[in-house]
Structures are given as C-alpha cells and as structure tokens.
Amino acid sequence: YFTTENRSFIVADTPGHEEYTRNMAVGASFAELAVILVDATQGVLVQTRRHTRICSLMGIEHFVFAINKMDLINYDANRFEKIEREIKMMAAEHDYKSIKILPVSATEGDNVTVKSTKMPWYKGESLLTYLENIQIHDDSIESGFTMPVQRVCRPDRTFRGFQGQIESGKIKVGDEITALPSNEKAEVKGIIDAGKEVTESSRGHAVTISLDREVDVSRGCVLVNNAKPKTGNLFTAKLLWMDDTHLVAGKNYLLKLGTKLIPAVVMNIKYKIDVNTGNEVHADAIYKNEIAACDIAVSDKIVFEKFKDNHALGSMILIDRITNMTSACGVATDTSVYDKN
C-alpha cells in the first residue's frame, strides 16, 4: 500500500515462474492495471507472453510494460525500440484499452519516480507519473443496473429488503427492476445506503433495496434495470485450472458465480490454450496451471453474462465438492449455448 498526492495504490507483487501461475491469476483478478517487467538484456520471453495472456484472461485492459535494466545495455535507444516492436506485436493478440511501454532502471531509479537524464531520447513521463494520471474507469461499460442479491433482510413482518453490492449502473427510487431468473417486475420503493435512506445509488455501493410488492427473490438472484444478462444452465467458459488433480469431462463441482453457489459439471473440454503461444490444442484432460475452454452445465437456471460485458456476472470459480478446494477460476466467454427464458 502506498499513496501519493494524486492517487492511492495497492500493489500485488506476483511470482513469475510457471509453477506459480495460479498466484499470478489471483493477483491479476483484483487488479485494474498490470505492470509487466521485461528484461532489457533478454527482451520478450515466453514468461512475458504468459503473464500478458493471464492478465488479459483475468480482465485487465490497461498494461504497462517496463523495460527494466536499461543501465545494463548502456541506455541503448535502438535496443529499446526493438523490444518495443516485439511487445506491440505480442499485444495485438489481446483486447486492451491502453498500453504504455517505457524504459526504466530499477536499481538506478531511472524513469521510476522521476524522468531520467540518461535517456534524453525518451520523451514520455516516468512510471509513477503515468500511474498517477491514467484513467482506468469507463462509465460507458456495464451501464445497465445489476445487483446480485447477497441476503434477504427481514427484521420484522413490515420490511423486506434485498441486500448486495451494485456491480454496474445506478438505481433510484421509482425505477422498475426485474428479478432474475424469475423475471418478475417491481418498483423500487426505498434504498438504504450505509444505514441512511437515499433516493439513488450507483456501482460499488452496498445497499438494501425494498420493493413495492412481493417478488420471488433469494440469495443468488440478480436485480436488473436496463440490462439483459442471460438466464440459463449451460455456457462456455475459459478456466485456469488450479488443482493438483487434473480435470476431465464429466466430473461434478460446485460453481460460484456472483452470489450463487450451485452444483455444476464440466460437460466438455473444447480445447486447451497454449499459454505461451495462444494456440488452441486438443486435450482430454487439463492439468495444473493450464487454461482451457469448457462447456459447463449447472443444475438449475442461473444469471450470467459474458465476462467482457459484465465482470461480476461473467467470472466464476469451481470448487471441489469433496475437498472444498478451489479447483479453477474462469470467465464466461460464450453465452450462445444458454437456455433462453
């Protein structure tokens, strides 16, 4: 944790070795921006490609590639430009909103917190200045209101409220909401935010919402307004396998998506992804630290969405039903196979 005059930061320093892939994925899953170190003496390595791919899978859309150890190559501009071209070619495989490539020397402090005088050919800002000023929020995305219900609050017979964190959009008293998967509609009668009654609230706030009539809502349901997530029991997801026991099609797990915990089965392994090259490879089993696309079926209807359209309703974990081990984390990539309402 550290704070400057312009912004507060939380840094997750994750190991780079392949056997710690799941540590990398966990750190990336909470991050809004990734700083990937590239050794100036070695350039883009297999490890660099793996880290970029995992960060992209976990939904990171802002990348900084810090070309480190510039002091060891005598601050050579030509060498930096060569690595810069390699990174841009690699990044073209992924969806991202911003990318920054800058030369640094961690041991000498060049371009870390202040501009370096040893690289006059670099016209950009220092790493810290860039991190302080980059805008990472885009309110145009996930504009519709969605709130997975975490708890039904019933202190007495006169009040029934639905509690949860608003994951996207905003809501105000008088708005009509739809409760999924039941598809019942009701009007928002009241909103309680931080113990106070308010007329409206928005993404990131934990609220209690009361409605003007009784609807069929329990933990795991989703309240929506101007949003159309899918309701069904079959979808395709990309999974990062984290269990020592390998994955085979047909095994049963518990799936946690949003606030819903439900029995699930991996119906089919479509292919695994070579983390280093991005190639799709046929596979009958998936082993620790491998990434695969799988068809997943759940025992009852749940509310979900493509991860790129709604992070909260598109991210999930699989839990081993016997050991209670988190076996995989993943994101929904294809919702075209779902059962329509």
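Residues numbered from 1 in each chain as written. Predicted model: local features only at pLDDT ≥ 70, side-chain atom pairs only at ≥ 80, totals over all residues. Heavy atoms only, no water.

### Here's the deal with the side chain of S126
- Looking at where S126 falls in the secondary structure, it is placed in the loop between β5 (98-103) and α4 (127-133).
- Take S126: its relative accessible area is 2%, and that puts it in the buried class.
- Within the structure, S126 has its side chain in polar contact with the side chain of T129 (distance 2.9 Å).
- Ignoring anything within four residues of it in the chain, the contact list for S126 reads L102, N111, V112, T113, V114 and K115. (Helix = DSSP H or I, 4+ residues; strand = E, 2+ residues; numbered from the N terminus. Buried < 20%, exposed > 50% of the residue type's maximum accessible area, 1.4 Å probe, protein only. Polar contact = N/O pair within 3.5 Å; in protein donor to acceptor, adjacent residues only side chain to side chain. Contact = heavy atoms within 4.5 Å.)

### Brief notes about the sheet that holds strand β3 (residues 34-39)
- Pairing within the open sheet is parallel, and its three strands lie in the order β3-β4-β5. Two strands bound the open sheet, and with one partner strand each, they are β3 and β5. Mean inter-strand twist for the sheet, computed between neighbouring axes without regard to direction, equals 20°.
- Inspection of the sheet shows strand β4 (residues 62-68) paired to β5 by six bridges, in the parallel sense. Looking at the pairing, F63 lines up with I99 of β5. (Pairing = 2+ DSSP bridges. Axes fitted to C-alpha atoms, helices over the stretch in contact; angles between N-to-C directions.)

### As for the pairing of β3
- Two strands pair when backbone bridges link them, and β3 and β4 are joined in this way by six bridges, in the parallel orientation. What sits directly across from V35, in β4, is V64.
- As for the winding sense of the linkage, the β-α-β connection from β3 through helix α2 (residues 46-57) to β4 is right-handed. (Right-handed = clockwise from strand over helix to strand, strands pointing away.)

### Let's talk about the layout of surface pockets
- Looking at the largest pocket, its volume works out to about 1,500 Å³.
- At the level of secondary structure, the elements contributing two or more residues to the lining of the largest pocket comprise β2 (8-9), α1 (21-29), β3, α2, β4 and α4.
- Sorting elements by how many residues they give to the lining of the largest pocket places β3 first, with six residues.
- Of the residues in the lining of the largest pocket, the class split is 27 nonpolar, eight polar and five charged.
- In this structure, the second largest pocket spans a volume of roughly 1,100 Å³.
- What lines the second largest pocket is a set of 35 residues, among which S29, A31, M58, F307 and H311 lie closest to the centre. (1 Å grid on protein atoms, 1.4 Å probe; cavity = no way out; pocket = protein on both sides within 12 Å on 5 of 7 lines; lining within 4 Å. Points joined across faces, edges and corners; volume = space filled by probe spheres on them. Nonpolar A, V, L, I, M, F, W, Y, C, P; charged D, E, K, R; others polar.)

### Some thoughts on the nonpolar core
- F65, I67, M70 and I87 are the most contacted members of the largest nonpolar core, which has 46 residues in total.
- With five residues, β4 is the largest single contributor of residues to this core.
- Setting aside anything within four residues of it in sequence, one finds I87 in contact with V38, V44, F65, I67, I99 and I101.
- In terms of nonpolar packing, the next biggest core, distinct from the first, is built from 24 residues, L247, I262, V266 and A283 among them. (Core = buried A, V, L, I, M, F, W, Y, C linked by side-chain atoms within 4.5 Å.)

### A few points about the pairing of strand β11 (residues 184-193)
- When strand β10 (residues 176-180) meets β11, the two strands line up antiparallel, connected through four bridges. Residue A179 lies in a different strand from β11, and its bridge partner there is E184.
- The turn joining β10 and β11, which pair antiparallel and follow one another in sequence, is formed by three residues; a positive phi near 70° is taken by N183.
- Two strands pair when backbone bridges link them, and β11 and strand β14 (residues 206-211) are joined in this way by five bridges, in the antiparallel orientation. Each bridged residue has a counterpart across the sheet, and for V188 the counterpart in β14 is L211.
- With three bridges connecting them, β11 and strand β12 (residues 196-198) associate as antiparallel partners. Its bridge partner being in β12, D193 is matched across the sheet by K196.
- Count of turn residues in the β11/β12 antiparallel hairpin: two residues, of which A194 carries a positive phi of about 55°.

### Examining the packing of aromatic side chains
- All chains considered together, the criterion is met by five aromatic pairs.
- Seen in terms of ring centroids, F63 and F65 are 6.1 Å apart; in terms of plane orientation they differ by 15°. Their pairing is stacked. Assigned by exposure class, F63 and F65 land together as buried.
- Aromatic side chains F235 and F304 sit 4.9 Å apart centroid to centroid with 40° between the ring planes, which places their arrangement in the tilted category. Remark: F304 occurs in strand β22 (residues 291-304) and F235 occurs in strand β16 (residues 230-241); sequence separation between them is 69 residues. When sorted by exposure, F235 lands in the same class as F304, which is buried. (Phe/Tyr/Trp six-rings, centres within 6.5 Å; stacked < 30°, edge-to-face > 60°.)

### Here we look at the pattern of salt bridges
- The final tally for this structure, using the stated rule, is 13 salt bridges.
- Residue E108 pairs with K118 through a salt bridge whose shortest N-O separation is 3.8 Å. Here E108 is found in the loop between β5 and α4, whereas its partner K118 is found in the loop between β5 and α4, with 10 residues between them in sequence.
- Taking relative accessible area as the criterion, K118 reaches 41% and is therefore assigned partly exposed. (Salt bridge = Lys/Arg side-chain N within 4 Å of Asp/Glu carboxyl O.)

### Some thoughts on the environment of I54
- Inspection of the secondary structure assignment puts I54 in helix α2.
- A sequence separation of 62 residues divides I54 from S116, and the C-alpha atoms of the two residues are 31 Å apart.
- If we ignore the near neighbours within four places in the chain, the residues touching I54 are T21, M24, A25, V275 and I291.

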